[in-house]
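Next come the chains, spelled out residue by residue.
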Amino acid sequence: MRTTGTKDAVSVLVIEDDDVIGRHVEAGLRSNGYTVTWTRTGGSGLVEARRLPTDVVLLDLGLPDMAPESQLRHQPQSRSQDESRFPVLSVVVGLIEWSRPKGRGVRQEWSPEELLANWTLVDGDWDLVANKSGATRLGFSLLLKFFELEGRFPDVLEEVPPAAVEYVADLVKVPATDFAKYMLVGRTAEYHRRQIREALGFRPSTVADEKGLAEWLAVEVCPVELVEDRQREALLVECRARKIEPPGHTRIEKVLVAARGKWEKTFCARTIARLGEAGTARLLSLVAEDNEAGTGLLAALKRDPGAVGLDSLLTEITKLNDVRKLGLPDGLFTDSSEKLVAAWRARAIKMYPSDFRDTAKDVRITLLAALCSSRQAEITDALVDLLVALVHKINARAERRVEKQLTAELKKVRGKEGILFKLAAAAVDKPDEVVRRALFPVVGEKTLRELVAEAKANEKVFKAKVRTTLRCSYSSYYRQMLPPLLNTLGFKCNNTAYRPVMDAMKLLKKYADVDGKTRFYDAGDEVPMDGVVRAAPCARSSPATTSQAPTCAGRSTAGSRSWRTGTARTPCCTTARTAP
């Protein structure tokens, strides 16, 4: 408990458990001539309210120990008449929200509560400004509070919020316009800065500090944060934590550049060490002069897949196999953030072979490694997407062909249009009549039954023809994608519900290189049907029918980002080892 103020002033009891809020409220009231008693618990506040002649109570309703509002309102009435005078109770909910502006720039808009919390002179602050007057008094006070908030001094007077100038000017009893007369450079300003640093326990930065900060940034910040403004914010926060006045703007930029350079060298050295001599040689050959094969592969890696079709699928398979021949080790960037690798990939994909040759060797290797590693995963994703889209395209094309054929046959049947017209007219003329009385006299029950039977027969015919068309398309054209596809992509699933799909994939791989004229599996092979093929027209199935398996649930692919464990596309699957 603490009491401050003059004898005849209005007495205010502050019950607040937060030291920061309580200290600022006390200082603000005291500077305006109030006598303040500050307690930190509800129990002690209740005791002081009964003991002292209190005029106003400022109460925090969120006290952890108790909620004394009701007790303050219902005090015992056994005291004398003077003692029974109840204090004026001002219940304050969330009186002040303690906040500090973030970043290099200072907020220019402040609420009265924020000004009270952040810009009020407290405790020893008044001792520092006691021997100062006029513009010097106001300027020193604003520099002091600015440094407390930002951990640095303002570069120009305009950085200090006008609302704060007005507020502090009222506290120190100096016109706010005098702040424009304060000089931020010169002997007086240097003396004031030294006073403030000593009072707050700070010291100026040195060359050794800048080197240490650059090392810290290179190790702790640059690997995970690529945005320059956020790196700068982290540097200022670290300076504050070390009780160091940040260097000037130019020096800060040099520290940031040095830190990024250190991290880049570390990142490149680590990548090259993991690649090994053989890996680095293969990557460098991609941009070597007079190496058309390497230049062609680099150009192909940058291209996106074409339209959905067999040619695009085979092209992506070839591209993926070519990039795998580079032999990039697993986990090349496993401990690097995805943002970092994506930034190096974006930088590399815009460069021509001559641009690569103009960079330093370690940077060149790392750029190529980031590009090839990222594109390997992206090509795998594109390959799986192409496969799924192609299977859907085959299905849709077969259905369109059969629909067109059956529609043409339907139009050849005579009399159906007239029957439909008669049915429609009878239904409109007698909407409330039962079917037997309204429709049967017009068309006849037998005719209607024959139409229903014919429609059902057409549906069966439609499904059968779609299956036949699919089988023909696959056997005569699309089957050529199966061997390279199964040899390139690796599939695995740990969900037992999808085990038939994985068994079907294994069986397909066994027959991938078999002549397309082979229509049936060996008698000793177990052909999974349930959970793989939606409808089986016969007991035994051919490789063409089972080839629809990739469109089912087994879609977890090795080396993929989208089709991997834990993604939205494959929530229950795990990836397999990379296929050769």
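Conventions we followed
Residues numbered from 1 in each chain as written. Predicted model: local features only at pLDDT ≥ 70, side-chain atom pairs only at ≥ 80, totals over all residues. Heavy atoms only, no water. Helix = DSSP H or I, 4+ residues; strand = E, 2+ residues; numbered from the N terminus. Buried < 20%, exposed > 50% of the residue type's maximum accessible area, 1.4 Å probe, protein only. Contact = heavy atoms within 4.5 Å. Areas by Shrake-Rupley, 256 points an atom, 1.4 Å probe, with all protein chains shown as cover. Salt bridge = Lys/Arg side-chain N within 4 Å of Asp/Glu carboxyl O. Expected span 1.5 Å × (residues − 1). Arc of directions from axis to C-beta. Pairing = 2+ DSSP bridges. pLDDT = per-residue confidence, 0-100. Phe/Tyr/Trp six-rings, centres within 6.5 Å; stacked < 30°, edge-to-face > 60°. Lys NZ or Arg CZ within 6 Å of the ring centre and 35° of its normal. Core = buried A, V, L, I, M, F, W, Y, C linked by side-chain atoms within 4.5 Å. Axes fitted to C-alpha atoms, helices over the stretch in contact; angles between N-to-C directions. Parallel < 35°, antiparallel > 145°, perpendicular 65-115°, else oblique. Left-handed = near helix turned anticlockwise from the far one by under 90°.

1. Here's the deal with the overall build of the protein
Part 1 of the argument: Helix and strand counts for the protein stand at 22 helices and 7 strands.
Part 2 of the argument: Here the protein holds 580 residues, and the buried ones make up 43% of them.
Part 3 of the argument: Taking all contacts inside the protein whose residues are at least 6 apart in sequence as the whole, residues at least 24 apart take part in 70%.
Part 4 of the argument: Total accessible area computed for the protein in this model is approximately 31200 Å², and 53% of it derives from carbon and sulfur atoms.

2. Focus: the pattern of salt bridges
Part 1 of the argument: Following the criterion strictly, the structure yields 22 salt bridges and no others.
Part 2 of the argument: The partner of Glu 210 in a salt bridge is Arg 251, and the shortest N-O contact between them spans 2.4 Å. On the criterion of sequence distance, the pair formed by Glu 210 in helix 9 (residues 207-221) and Arg 251 in helix 11 (residues 249-285) is long-range, its members being 41 residues apart.
Part 3 of the argument: Residue class for Glu 210 comes out buried when judged on its relative accessible area of 11%.
Part 4 of the argument: For Arg 251, a relative accessible area of 33% gives the class partly exposed.
Part 5 of the argument: Between Arg 347 and Glu 264 there is a salt bridge, and its shortest N-O distance comes to 3.7 Å. With Arg 347 in helix 14 (residues 338-349) and Glu 264 in helix 11, this pair connects stretches of sequence that are 83 residues apart.

3. Let's talk about helix 14
Part 1 of the argument: Across its 12 residues, helix 14 extends 16 Å between first and last C-alpha, which sits within 8% of the 16 Å expected from 1.5 Å per residue.
Part 2 of the argument: Of the positions making up helix 14, those classed as buried are Leu 340, Val 341, Trp 344, Arg 345 and Ala 348. For helix 14, the buried positions fall inside an angular range of 135 degrees around the axis, keeping them on one side. Exposed and facing more than 90 degrees away from the buried side of helix 14 are Glu 338 and Lys 339.

4. Looking at the environment of Asp 123
Part 1 of the argument: Secondary-structure assignment places Asp 123 in the loop between helix 4 (112-119) and helix 5 (125-129).
Part 2 of the argument: Taking the relative accessible area as the measure of exposure, Asp 123 reaches 41% and is therefore partly exposed.
Part 3 of the argument: When the C-alpha atoms of Asp 123 and His 24 are compared, they prove to be 9.4 Å apart, with 99 residues separating the residues in sequence.

5. Focus on the pairing of strand 4 (residues 56-60)
Part 1 of the argument: Among the 5 residues in strand 4, 4 count as buried, and that is most of the element.
Part 2 of the argument: As defined by bridge partners, strand 2 (residues 11-15) adjoins strand 4 across 4 bridges and the pair is classed as parallel. Residue pairing for strand 4: Val 14 is matched across the bridge by Leu 58.

6. Details of the confidence of the model for the protein
Part 1 of the argument: Of all residues in the protein, 77% attain a pLDDT of 70 or more, and the chain-wide mean is 77.
Part 2 of the argument: Overall, residues 536-555 carries pLDDT values under 50, and its contacts beyond four positions in sequence, including any with other chains, amount to 52 contacts.
Part 3 of the argument: Here residues 570-580 is a poorly scored stretch, pLDDT under 50, and it has 46 contacts once near neighbours within four places are set aside; other chains count.

7. Side note on the environment of Thr 315
Part 1 of the argument: Tracing the backbone shows Thr 315 in helix 13 (residues 310-324).
Part 2 of the argument: Among the residues examined, Thr 315 registers a relative accessible area of 45% and is labelled partly exposed.
Part 3 of the argument: Once the C-alpha coordinates of Thr 315 and Leu 383 are considered, the two residues, 68 residues apart in sequence, prove to be 9.4 Å apart.

8. Observations concerning helix 13
Part 1 of the argument: Taking 1.5 Å per residue, 15 residues should reach 21 Å; helix 13 reaches 21 Å between its end C-alpha atoms and fits that length.
Part 2 of the argument: Regarding helix 13, the residues found buried are Leu 310, Ser 312, Leu 313, Glu 316, Ile 317, Lys 319, Leu 320, Val 323 and Arg 324.

9. With respect to the packing of aromatic side chains
The geometry of an aromatic ring pair comes down to the distance between the two centres and the angle between the two planes.
Part 1 of the argument: Per the counting criterion, the structure on display carries 6 aromatic pairs.
Part 2 of the argument: Note on Phe 147 and Phe 202: the rings are 4.9 Å apart at their centroids and 85 degrees apart in plane angle, and the pair reads as edge-to-face. You can see Phe 147 sitting in helix 6 (residues 134-150) and its partner Phe 202 sitting in the loop between helix 8 (187-200) and strand 6 (203-204), a full 55 residues away along the chain.
Part 3 of the argument: A relative accessible area of 1% means that Phe 147 is categorised as buried.
Part 4 of the argument: Owing to a relative accessible area of 11%, Phe 202 belongs among the buried residues under this scheme.
Part 5 of the argument: Here the aromatic cluster, defined as three or more aromatic residues joined through ring pairs, consists of Trp 263, Phe 267, Phe 333 and Trp 344.
Part 6 of the argument: It is Arg 107 that lies over the ring of Trp 110; its NZ or CZ is 4.3 Å from the centre.
Part 7 of the argument: Against the face of Trp 344 rests Arg 347, its NZ or CZ located 5.2 Å from the ring centre.

10. What about the nonpolar core?
Part 1 of the argument: Counting 82 residues, the largest nonpolar core has Leu 235, Leu 283, Leu 313, Trp 344, Phe 356 and Cys 372 as the members making the most contacts within it.
Part 2 of the argument: In terms of residues, this core owes the most to one element, helix 16 (residues 361-412), which gives 18 residues.
Part 3 of the argument: Residues contacting Trp 344, with those up to four places away along its chain left out, are Glu 264, Phe 267, Cys 268, Val 363, Thr 366, Leu 367 and Ala 370.
Part 4 of the argument: Core analysis: the next-biggest nonpolar cluster, separate from the first, contains 30 residues, Leu 115, Phe 147, Val 160 and Tyr 167 among them.

11. Some remarks on unusual backbone geometry
Part 1 of the argument: Backbone geometry at Lys 173 places phi at a positive 60 degrees, although glycine is not the residue there.
Part 2 of the argument: Tracing the backbone through its elements, the reader meets Lys 173 in the loop between helix 7 (162-172) and helix 8.
Part 3 of the argument: The phi dihedral of Lys 243 is positive, around 60 degrees, even though this residue is not glycine.
Part 4 of the argument: Given a relative accessible area of 39%, Lys 243 falls into the partly exposed group.

12. Digging into the packing of helix 9 against helix 10 (residues 228-241)
Part 1 of the argument: Closest axis-to-axis distance for the helix 9/helix 10 pair is 11 Å, and the angle between their directions is 125 degrees. When the interaxial angle is binned, helix 9 and helix 10 end up oblique. The element helix 9 and its partner helix 10 pack so that their crossing is right-handed. Contact residues: Leu 213, Trp 216, Leu 217 and Val 221 in helix 9; Gln 231, Ala 234, Leu 235, Glu 238 and Cys 239 in helix 10.

13. Comments concerning the pairing of strand 2
Part 1 of the argument: Among the 5 residues in strand 2, 5 count as buried, and that is most of the element.
Part 2 of the argument: Residues of strand 2 alternate between two faces, with Ser 11, Leu 13 and Ile 15 on one and Val 12 and Val 14 on the opposite face, all of them buried.

14. Comments concerning the side chain of Glu 225
Part 1 of the argument: Among the structural elements, Glu 225 can be located in the loop between helix 9 and helix 10.
Part 2 of the argument: We classify Glu 225 as buried; its relative accessible area is 17%.
Part 3 of the argument: In this view, Glu 225 contacts Arg 230 and Gln 231; residues no more than four positions away in its chain are not counted.

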